[in-house]
Amino acid sequence: MEKRKHIVVLVLGDVGRSPRMQYHALSLLENGHYVTLVGYAGEGLIPPLQESCMPSPPSKKNSCHYHGKLHVLRMTPYQPSRNNILCRIFYYPLRLASLLYCVFLTLWVQLNRVPHTNLPVDVILVQNPPSIPTLMISYIFCMWKGISRKHRPRFVIDWHNLGYTMFDLPPSNASFLQKALKNSLRTLVKTYEHVMASSADAHLCVTEAMEIWLGENFGVHGGHVGVLYDKPPLLFCPTIVEEQHHLFRRLNLEQNEDLSKWSNAIIPKPTQQTNSEVTMFTGNCTRNGKTIFELRDDRPALLVSSTSWTPDEDFSILLKALDTLQSLIDKIDIPSHPNILVLVTGKGPQKAQYLPLLHKFNKTHTSIKVETLWLEAVDYPKLLGCATLGISLHTSTSGLDLPMKVLDMFGCHVPVCAIGFACLPELVKDGINGRIFENDVELAEQLFDMLMGFPSNTNGQLDKYKANIRGMTRWKENWEQCAHRLVVGD
């Protein structure tokens, strides 16, 4: 039996919005280890981790075997103001000082007081990016423990992307000084990452392209480097009709201002008195004393897109594509194309600027509506499991990482249309498990073709893609095979 260890999983961000690191924590717990999960305060954890953090199991029958072996340390760094030029000048120094204080306090003070274990830290698993100051402090922590307690923790980096690519290149019209400063900053951060990479005991990469790049540019290669592709955990799966019905009843989409008139106009209410409840997608009736849940034959196609509302995901591409799609639908004489509801989940800085555009879009488009949602962690997989098709607008600053949201959709057997970039074909196989598009026109044409005749008389593309998705490897077995040894060590 493997010796139980104490592993710190460190995220310099909202840990509730870092599913991959949460899945690491879950896999470690399932292997009997103690885990301290460190990150910013914010969103809730995935249900298995949330249950493990509860002071006592809800019931002995349903309690997980790793209950009580997880402790979460939440940080709240100081967020400096940017209201004037003086604040902007000192923003980065103040922000860095705040991060240094929070991470030092967590690792050197709070970590010594965790209630779930007295074991010393054996491994610190760090998400990268962000690189500064996490990698350096984690390395110093490991070296300090090695000197003070003669027990040096293992230092493992999980490469989600390259930190230096998070710093924008200067625009072509920038001044000489601006270009010099931005280029110097990128070079400095790249050098920092290079040095820290050579100091780690092991490395996990999200793609094969990332592994190759690290070997060629940072000299990181060999048996201590491996690829751990993102894979969906078992909680991402198709949603049964009864759960779909209950979810849509809770969401109550029909009461939305932009959807109420649309849904009433395009979906006639059932006339059977036996139908006691109805949504745009589902209905139920009583037959022989049993409640039967059914998908409606006149339901709209449900498209789901999860976005961080940042410049990395250009939401305008989707809006342009949907506008073109409406034009294509208007040109056909027969009602062979379904109405379409696009639900967009996520939070981010650009969401507010798009909301008025979405409201205007919904008023001027008859067959397509777009709505935004923020879901609890327990409901997000259920919504994906209801979707007809997923859309990914993720582009990579490095070209070396993959969108985890696509894996979540695949876990729910939902085909995906994804915008193309360098290593995307490692995940999305065009014409096999989804489609890859380069611009809004291509996306509109793909959606038009795939959704024609939905839900009963499609041309078979969706069914073919779904069949090719089924049976994919899940996170648990993939982690055991590719990451267990690298994270925990021999």
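Here's what I pulled together on the structure shown here. (Residues numbered from 1 in each chain as written. Predicted model: local features only at pLDDT ≥ 70, side-chain atom pairs only at ≥ 80, totals over all residues. Heavy atoms only, no water.)

A word on the nonpolar core
For soluble globular proteins, the rule of thumb is that nonpolar side chains tend to be buried together. Among the nonpolar cores identified, the biggest contains 65 residues, and L49, L253, L302 and L383 are the most heavily contacted of them. For this core, the element with the most residues is helix α1 (residues 19–30), which contributes six residues. In this structure, L10, V114, V121 and W213 belong to the second largest nonpolar core, which totals 39 residues. (Core = buried A, V, L, I, M, F, W, Y, C linked by side-chain atoms within 4.5 Å. Buried < 20%, exposed > 50% of the residue type's maximum accessible area, 1.4 Å probe, protein only. Helix = DSSP H or I, 4+ residues; strand = E, 2+ residues; numbered from the N terminus.)

A few points about the packing of helix α13 (residues 440–451) against helix α14 (residues 461–469)
Close contact between α13 and α14 brings their axes to 8 Å; oriented N to C, the two are set at 95°. Relative to α14, α13 is oriented roughly perpendicular. Residues D449, M450 and L451 of α13 lie in contact with α14, whose contacting residues are Q461, L462 and Y465. Here the contact of α13 with α14 is composed, by residue class, of four nonpolar, one polar and one charged. (Axes fitted to C-alpha atoms, helices over the stretch in contact; angles between N-to-C directions. Parallel < 35°, antiparallel > 145°, perpendicular 65-115°, else oblique. Contact = heavy atoms within 4.5 Å. Nonpolar A, V, L, I, M, F, W, Y, C, P; charged D, E, K, R; others polar.)

Description of the pairing of strand β15 (residues 416–419)
Here β15 shows a buried face lined by V416 and A418 and a second buried face lined by C417 and I419. As paired elements, strand β14 (residues 389–392) and β15 share three bridges and run parallel to each other. Looking at the pairing, S392 lines up with A418 of β15. In this fold, the crossover linking β14 to β15 by way of helix α12 (residues 404–411) has right-handed handedness. Note that β15 and strand β16 (residues 434–437) share four bridges and pair parallel. Across the sheet, residue C417 finds its bridge partner in β16, namely R435. (Pairing = 2+ DSSP bridges. Right-handed = clockwise from strand over helix to strand, strands pointing away.)

Focus: the packing of aromatic side chains
According to the stated counting rule, one finds 13 aromatic pairs in the structure shown. On the numbers, 6.2 Å between centres and 45° between planes, the contact of Y139 with F155 is tilted. Note that Y139 is positioned in helix α4 (residues 134–148) and F155 in strand β5 (residues 154–159), a separation of 16 residues in sequence. Residue classification places F155 among the buried residues on the basis of a relative accessible area of 0%. Taking the ring centre of Y34 as reference, the NZ or CZ of K69 above it sits at 5.8 Å. (Phe/Tyr/Trp six-rings, centres within 6.5 Å; stacked < 30°, edge-to-face > 60°. Lys NZ or Arg CZ within 6 Å of the ring centre and 35° of its normal.)

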